[in-house]
Amino acid sequence: MEVTPFTFLNQEESLNFFSIYPEMQDFGMNDGTNNPLTGLKKRKKIEEEEEEEDKNGAEEELKKKIPFTDILTSLMLLEEEEKQEQELYFVQSQQQKEILEANYKKTSEVMSQYYSDFQESSTQLNNLEQSHGKRSRGAAFVAVASAVAAADSSSTSVAATAEVGAASAAAGPHRRLWVKERSKDWWDHYNSPNVSEDEFRKAFRMSKATFDMICEELDSAVTKKNTMLRDAIPVRQRVAVCIWRLATGEPLRLVSKRFGLGISTCHKLVLEVCLAIKTVLMEKYLHWPDELTLHGIKTEFESLSGIPNVSGSMYTTHVPIIAPKASVAAYFNKRHTERNQKTSYSITVQGVVDPKGLFTDICVGWPGSMPDDKVLENSALYKRGSSGQLKDVWVVGNKGHPLMDWVLVPFTHQNLTWTQHAFNEKIGDIQGVAKDAFARLKGRWSCLQKRTEVKLQDLPVVLGACCVLHNICTMRNDELDAELKYDLFDDEMVSENGVRSAGAVQARDHIAHNLLHHGLAGTGFH
């Protein structure tokens with residue numbers, strides 16, 4: 001067998017060969033060593049590295065899966081905890097509910113027991129009151145019996161005295177009155193029958209007989225019953241507190257000292273008695289005249305002025321008040337502010353009077369900034385006249401009122417004729433009756449001259465009571481002392497719409513013509 005020699009490749013050929021078969025490098029054929037074992041080791045090493053990489057990849061995938069499992073587990077745990085918390089909350093709520101129900105039941109039982117005890121105590125107290133009078137009478141009877149027995153023997157007297165003591169003890173102790181002791185000497189003096197007529201008239205601006213009549217008229221309206229704790233204030237003292245307050249305008253703290261009563265009690269009495277006067281006496285002593293009375297009024301006014309069919313003289317005055325909390329501008333009185341040189345507020349009192357100065361109609365309480373014609377438009381008198389109830393009669397007003405079919409006012413334009421001057425003079429005579437009535441009203445009831453402590457909403461009742469009392473005193477001829485005369489401040493302002501009826505203009509001209517040509521006009525222009 002012939003062996004052919006192996007041809008070795010040079011370096012360039014070797015490179016070309018391995019470039020064609022690169023996988024042979026894995027076996028160490030091209031590392032320059034030409035050792036197959038070296039190639040196998042490398043191959044094994046590569047496989048181990050690949051296995052390591054596969055193992056690392058599996059671990060990474062496992063690590064990726066683990067967080068997702070943890071999240072699910074956490075969610076399940078949270079859900080379980082929330083469920084447990086809800087169950088615990090429900091149990092606690094039930095326990096609190098049971099506790100509240102138990103407390104409510106216990107409180108209800110206690111209140112029921114307290115109410116039962118209160119009713120029982122009230123019943124016992126009423127029974128004690130009823131039996132107190134009987135026991136007092138029984139004690140008096142025993143005292144009389146003991147006095148009679150004392151005349152017979154001293155031993156009987158001793159026994160009777162013991163019996164009286166036992167009866168008095170059985171009657172029980174007197175209930176202490178929770179009333180502050182105050183001096184009533186001033187009122188006791190004027191309430192005494194020994195006080196002189198002049199002294200009483202000077203204090204209360206009316207006679208004793210008039211005061212007694214008012215007390216009698218108001219008795220049923222102002223009488224109060226005695227209670228267990230105190231005796232009721234007598235009717236005479238109640239009426240006296242009100243009349244003194246109206247007559248003097250004295251502060252309540254001084255009224256309180258005079259009558260031995262509390263300040264709040266005096267204030268309450270003034271309002272209560274004024275309301276009673278308005279409710280009980282106004283309908284009787286202050287109202288529009290009936291036909292028979294109206295005929296006499298027309299006759300008296302015609303004899304005074306020569307103007308026929310005059311049913312009353314109308315005037316509007318102002319009563320000062322403390323600045324109200326609401327609508328201050330409405331109650332601001334410009335004319336009084338200018339006259340007094342200080343800010344003044346007021347409310348109005350419109351009144352119609354007969355020849356004697358008795359009020360036959362009043363309208364009280366409108367703000368002081370309102371002119372006379374607006375006050376008239378808001379009165380019941382205006383509604384009565386507009387509805388035709390004052391047909392064929394005149395209510396004589398001043399230049400602040402409008403000329404209407406039933407309202408007669410003076411001429412207000414310039415350059416008056418002799419006839420018009422004479423007419424205005426006669427209108428002034430009729431107006432003088434109303435002004436004199438208001439002057440006596442404010443002079444007798446001094447509370448109308450200055451700002452009072454009465455609230456604005458209560459003033460109409462107080463002012464109405466003053467007008468009623470004025471009529472009562474006038475009817476009973478209770479003259480006003482000269483030193484109490486009041487100078488009435490003229491609040492007249494010319495009406496913006498002075499003429500509201502053409503027929504009234506002709507009627508006024510006709511009246512003025514008749515006054516002059518029938519010799520009824522005044523002599524001021526001769």
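Residues numbered from 1 in each chain as written. Predicted model: local features only at pLDDT ≥ 70, side-chain atom pairs only at ≥ 80, totals over all residues. Heavy atoms only, no water.

Chemist: Just give me the short version of the sheet that holds strand 3 (residues 359–367), but keep the residues and values in it.
Modeler: The strands that make up a sheet pair up through hydrogen bonds in the backbone, lying either parallel or antiparallel. With mixed pairing, 5 strands are arranged side by side in an open sheet as 3-2-1-4-5. Among the strands making up the open sheet, the edge pair consists of strand 3 and strand 5 (407–408). Of the pairings in the sheet, the one linking strand 1 (residues 310–321) to strand 4 (residues 394–396) comprises 3 bridges and is parallel in character. Opposite Ser313, over in strand 4, you have Val396 as the bridge partner. (Pairing = 2+ DSSP bridges. Helix = DSSP H or I, 4+ residues; strand = E, 2+ residues; numbered from the N terminus.)

Chemist: Go over the confidence of the model for the chain with me, naming the residues and quoting the values.
Modeler: In this model, the chain carries an average pLDDT of 81, and 76% of its residues clear a pLDDT of 70 or more. Of the regions scoring below 50 in pLDDT, residues 1–6 engages in 0 contacts with residues more than four places distant in sequence or in other chains. Scored below 50 in pLDDT, residues 139–145 shows 5 contacts in the model against residues more than four places distant or in partner chains. (pLDDT = per-residue confidence, 0-100. Contact = heavy atoms within 4.5 Å.)

Chemist: For the environment of Cys447, give the residues involved together with the corresponding values.
Modeler: In this fold, Cys447 is placed in the loop between helix 15 (418–444) and helix 16 (459–475). With residues up to four places along the chain from it excluded, the contact list for Cys447 reads Arg245, Leu246, Gly249, Thr452 and Cys466.

Chemist: Run through unusual backbone geometry, naming residues and quoting values.
Modeler: One non-glycine residue, Asn415, adopts positive backbone phi at about 55 degrees. The topology assignment puts Asn415 in the loop between strand 5 and helix 15. At Asn477, a position not held by glycine, the phi torsion is positive, near 60 degrees. Overall, Asn477 belongs to the exposed group, its relative accessible area being 59%. (Buried < 20%, exposed > 50% of the residue type's maximum accessible area, 1.4 Å probe, protein only.)

Chemist: Kindly report on the side chain of Asn398, identifying the contributing residues and their values.
Modeler: Of note, Asn398 is situated in the loop between strand 4 and strand 5. Looking at Asn398, its side chain comes within polar contact range of the side chain of Gln431, at 3.5 Å. (Polar contact = N/O pair within 3.5 Å; in protein donor to acceptor, adjacent residues only side chain to side chain.)

Chemist: Tell me about the pattern of salt bridges, residues and numbers included.
Modeler: For the structure on display, the rule yields 9 salt bridges. By sharing partners, the salt bridges in this structure join Glu197, Arg201 and Asp478 into a single network. (Salt bridge = Lys/Arg side-chain N within 4 Å of Asp/Glu carboxyl O.)

Chemist: So, helix 16: which residues are in play, and what are the values?
Modeler: Look at helix 16: 24 Å from first C-alpha to last across 17 residues, which is about the 24 Å you get at 1.5 Å a residue. Buried residues dominate helix 16, accounting for 14 of its 17 residues. Within two residues after helix 16, Asn477 carries a phi angle of roughly 60 degrees, on the positive side. (Expected span 1.5 Å × (residues − 1).)

Chemist: Please give an account of the packing of aromatic side chains that cites residues and values.
Modeler: Applying the stated criterion to the full structure yields 15 aromatic pairs. For the pair Tyr190 and Phe204, a centre-to-centre distance of 5.9 Å together with 85 degrees between the ring planes defines the contact as edge-to-face. Of this pair, Tyr190 sits in helix 4 (residues 185–191) while Phe204 sits in helix 5 (residues 197–204), and the two are 14 residues apart along the sequence. The exposure classification of Tyr190 matches that of Phe204, with both residues buried. Ring geometry for Phe359 versus Phe438: centroids 5.2 Å apart, planes at 75 degrees, classification edge-to-face. Within this pair, whereas Phe359 is found in strand 3, its partner Phe438 is found in helix 15, the two being separated by 79 residues in sequence. The exposure class of Phe359 is buried, given its relative accessible area of 2%. Clustering of aromatic rings is evident, with ring pairs tying together Trp186, Trp187, Tyr190, Phe200, Phe204, Phe211, Trp244 and Phe259. Sitting over the ring of Trp288, Arg384 keeps its end group 5.3 Å from the ring centre. Geometry around Phe411 places Arg508 over its ring, the cationic atom sitting 4.0 Å from the centre. (Phe/Tyr/Trp six-rings, centres within 6.5 Å; stacked < 30°, edge-to-face > 60°. Lys NZ or Arg CZ within 6 Å of the ring centre and 35° of its normal.)

Chemist: Give me the lowdown on the pairing of strand 3, citing residues and values where you can.
Modeler: Side chains on a regular strand alternate between the two faces of the sheet. As judged from the 6 bridges shared by strand 2 (residues 345–353) and strand 3, these two strands associate in the antiparallel manner. Counted as the bridge partner of Gln350 is Cys363 from strand 3. Count of turn residues in the strand 2/strand 3 antiparallel hairpin: 5 residues, of which Gly357 carries a positive phi of about 90 degrees.

Chemist: Describe the nonpolar core, and please don't skip the residues or the numbers.
Modeler: In this structure, Phe204 and Trp445 are the most contacted members of the largest nonpolar core, which totals 95 residues. Setting aside residues no more than four positions away along its own chain, Phe204 makes contact with Trp186, Trp187, Tyr190, Ala240, Ile243, Trp244, Phe259 and Trp445. (Core = buried A, V, L, I, M, F, W, Y, C linked by side-chain atoms within 4.5 Å.)

Chemist: Could you give me a rundown of a negative patch on the surface, with the residues and numbers involved?
Modeler: On the surface, Glu48, Glu49, Glu50, Glu51, Glu52 and Glu53 cluster together into a patch of negative charge. Residue position: Glu53 is located in helix 2 (residues 36–152). For Glu53, a relative accessible area of 56% puts it in the exposed group. (Patch = residues over 30% accessible without salt bridge, like charges linked within 9 Å, V, L, I, M, F, W, Y side chains within 5 Å. Areas by Shrake-Rupley, 256 points an atom, 1.4 Å probe, with all protein chains shown as cover. Lys, Arg positive; Asp, Glu negative; His and termini not counted. Charge placed at Lys NZ, Arg CZ, Asp CG, Glu CD.)

Chemist: Can you break down the packing of helix 7 (residues 235–248) against helix 9 (residues 263–285) residue by residue, with the values?
Modeler: At a closest axis distance of 8 Å, the pairing of helix 7 and helix 9 adopts a crossing angle of 90 degrees. Considered as vectors, helix 7 and helix 9 are oriented roughly perpendicular to each other. In this structure, helix 7 uses Arg238, Val239, Val241, Cys242, Arg245 and Leu246 to contact helix 9, whose residues at the interface are Cys266, Leu269, Val270, Glu272, Val273 and Cys274. Its residues assigned to classes, the contact of helix 7 with helix 9 shows 9 nonpolar, no polar and 3 charged. (Axes fitted to C-alpha atoms, helices over the stretch in contact; angles between N-to-C directions. Parallel < 35°, antiparallel > 145°, perpendicular 65-115°, else oblique. Nonpolar A, V, L, I, M, F, W, Y, C, P; charged D, E, K, R; others polar.)

Chemist: How would you explain the packing of helix 10 (residues 291–305) against helix 15 if you had to name every residue and give the values?
Modeler: Where helix 10 meets helix 15, the axes come as close as 9 Å, and the angle between the chain directions of the two elements is 130 degrees. Relative to helix 15, the element helix 10 is oriented oblique. Crossing geometry of helix 10 relative to helix 15 is assigned as right-handed. For the pair formed by helix 10 and helix 15, the contact residues are Phe301, Leu304 and Ser305 on the first element and Lys426, Asp429, Ile430 and Val433 on the second. A breakdown of the residues in the contact of helix 10 with helix 15 according to their chemical character gives 4 nonpolar, 1 polar and 2 charged. (Left-handed = near helix turned anticlockwise from the far one by under 90°.)

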